[in-house]
Amino acid sequence: MPRRPWRKLLWVHQPYPDNYVDASFLSQLKRNLHVQQYSFWALSSDSTVIISHVYSVAIFVCVFVAIYKDMYNPAWFASIGSICTLVGYFAWDGLGEENTTSRTATAKSAILIVSTLLGLSPVLKSLTQSTSSDSIWAISFWLFVLNIFFHDYSIGSKKTFPPTLSTNLAIAAATVLASRLSTTLSVFSFLLFSIELFGLFPIFSRWLRSYSFVAHLILTSILAVVTEVGMFYIGGWWALGVWSVAILSAVFVAPGWLIALQKYKNEIQGPWDPAKPVLRSR
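What you see is a predicted model, and the numbers here were worked out from it, not measured in a lab.

Asks: Please explain the state of the cysteines as it appears in this structure.
Replies: Taken as a whole and judged by the stated rule, the model has zero disulfides. Cys62 takes part in no disulfide bond, and the closest cysteine sulfur, belonging to Cys84, lies 15 Å away. For Cys62, a relative accessible area of 10% gives the class buried.

This is the structure in C-alpha cells:
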C-alpha cells in the first residue's frame, strides 16, 4: 500500500522519519526577491553627497594648517567665508525661502554669533594650554571621523542622524584646534570660518541638491578644485596625489566594487518565513 503524500504539518502523524525531507519542500523557494539592483552612475552621483562633505572637512584642515603655520592672514579666510555665506544666503532667499521677519531674525543671529566669538576668542585661545599638541591632534582627528560618520546625508524629510550631532562634533574639533593658534585674531577668524563651513554650508548644500542636482554637482566641482589647490599648497604633489586617488576610488571604484559583489547576494524567501501582519485602518 503506497504511503500517503507527505504534508508540511507538524501536528499530523505521518509515516515518515523525523529527518525526512520531501522533494517538494523547496518547491516554493525564491531567491533575491527583494534585492535592489544598483546602477553604476546612480551610485557615483549619489556619492557626491558624501564627497561634498569630505571636501568641506579637507578645506577646513587646509585652512587650519595655513593659519597655524602663518602662511596666510587669518582674516582673509574669514572674509572669503563670509562673502560665500552671503552669496549663498541671497541665492536661497532669492527663491522665496524667507520673508522680511525671517531676514531680521537671521541678521540678529549673525550679529549675536560674531559678538560672542569676539568675546570668547581670548578665552578659547588659552583653553588647552596645559594639553599637549599630540593630544589635540588626536582628539580633533576622532571628532572629525565621527563628524563624517554622523553627518546627515539624507535628502528629504527622512533623517538618519540629527543634523546638530555632526555640527556639534565639528565645532568641538574647531574649538580645540583654535586653542593652538597664536593670536586672538586667528582664533576669531578660524572659528567664524568653521561656523560658516559646518553650521551654515550643510544647510545650503542640502537645499541646493533638493533644488537642482546639476547645481549641486557644480558646487561639488568647485569644492573639489579648492580642495586640490589647498592640498597642493599644504602637502605638495605627494599629498595631492594621495588625495586624488582616494577621492577617485570613492566615486568610481567603490560603486563598481559594490555592483560586482551583487552576484554573490543570496537572499532566500519561502513559506517558512514568519508572516507579516497587514494592518488596515478602519
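Asks: Could you clarify how one ought to interpret helix α6 (residues 184-211) in this entry?
Replies: Since the α-helix turns once every 3.6 residues, residues separated by three or four places project in the same direction. In a regular helix each residue adds 1.5 Å, so 28 residues correspond to 40 Å; α6 covers 39 Å between its end C-alpha atoms and thus fits that length. At Phe201, α6 shows its largest kink, close to 40°, and the proline Pro202 lies no more than four residues downstream.

Asks: Help me out: how do you make sense of the pattern of salt bridges in this one?
Replies: Opposite charge on two side chains lets them pair, provided their charged atoms get close. Under the criterion given, the structure shown has one salt bridge. One salt bridge connects Asp46 with Arg209, and the closest N-O pair in it is separated by 3.4 Å. With Asp46 in helix α1 (residues 40-68) and Arg209 in helix α6, this pair connects stretches of sequence that are 163 residues apart. Judged by its relative accessible area of 43%, Asp46 is partly exposed.

Asks: Sorry if this is basic, but what is going on with the environment of Leu223 here?
Replies: Its place among the elements puts Leu223 in helix α7 (residues 213-261). The spacing of Leu223 and Ser182 is 41 residues in sequence and 28 Å in space, taken between C-alpha atoms. Excluding its chain neighbours within four sequence positions, the residues that come into contact with Leu223 are Ser52, Tyr55, Ser56, Ile59 and Phe201.

How each quantity is defined
- Residues numbered from 1 in each chain as written.
- Predicted model: local features only at pLDDT ≥ 70, side-chain atom pairs only at ≥ 80, totals over all residues.
- Heavy atoms only, no water.
- Disulfide = S-S within 2.5 Å.
- Buried < 20%, exposed > 50% of the residue type's maximum accessible area, 1.4 Å probe, protein only.
- Helix = DSSP H or I, 4+ residues; strand = E, 2+ residues; numbered from the N terminus.
- Expected span 1.5 Å × (residues − 1).
- Bend = angle between axes of the 7 residues up to and from the residue.
- Salt bridge = Lys/Arg side-chain N within 4 Å of Asp/Glu carboxyl O.
- Contact = heavy atoms within 4.5 Å.

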